[in-house]
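A look at the structure
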Amino acid sequence: GGAAAMGGGSLPGMTFAQRWVFVPAVYPLFVAMAAGVGVCAFRIGHSMTHPDIRVMKGPRMDEDSFIKAQEKAGKRYQMNPIRSFVLGRSTEIMPGINAAFSK
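Residues numbered from 1 in each chain as written. Predicted model: local features only at pLDDT ≥ 70, side-chain atom pairs only at ≥ 80, totals over all residues. Heavy atoms only, no water.

Here we look at the packing of aromatic side chains
Here the structure, examined in full by the defined rule, presents zero aromatic pairs. Across the ring face of F85, the terminal group of R89 is positioned such that the distance to the ring centre comes to 4.0 Å. (Phe/Tyr/Trp six-rings, centres within 6.5 Å; stacked < 30°, edge-to-face > 60°. Lys NZ or Arg CZ within 6 Å of the ring centre and 35° of its normal.)

What about a nonpolar patch on the surface?
There is a patch of nonpolar side chains on the surface, built from F16, W20, V21, F22, Y27, L29, F30 and M33 and spanning about 850 Å² of accessible area. Taken together, the elements giving at least two residues each to the nonpolar patch come down to α2 (16-21) and α3 (27-48). When residues of the nonpolar patch are assigned to their parent elements, the largest contribution, four residues, is made by α3. By the secondary structure assignment, L29 is in helix α3. With relative accessibility at 43%, the residue L29 sits in the partly exposed group. (Patch = residues over 30% accessible without salt bridge, like charges linked within 9 Å, V, L, I, M, F, W, Y side chains within 5 Å. Areas by Shrake-Rupley, 256 points an atom, 1.4 Å probe, with all protein chains shown as cover. Salt bridge = Lys/Arg side-chain N within 4 Å of Asp/Glu carboxyl O. Helix = DSSP H or I, 4+ residues; strand = E, 2+ residues; numbered from the N terminus. Buried < 20%, exposed > 50% of the residue type's maximum accessible area, 1.4 Å probe, protein only.)

See the structure below:
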């Protein structure tokens, strides 16, 4: 009854792949989910490389050497791959259209 009418029941003879993978209408859902998982993974990885997070015992024992090493680690953290990629690029989203309208 009710579960099948609401989409919760399984249709006889349909596998998981036939229901989800081979249906082009669900591809945008897969793309959105993959993008979300990718952003979360990048953010967690980026947060774990923060210079203030000290996992090993050596840097935690000697504060003076850590302060000297922290400058390089801070620059490396600040200039992550995405920021390095975007840094030299134009801030315009559609430079062709902007140039056409500014004439």
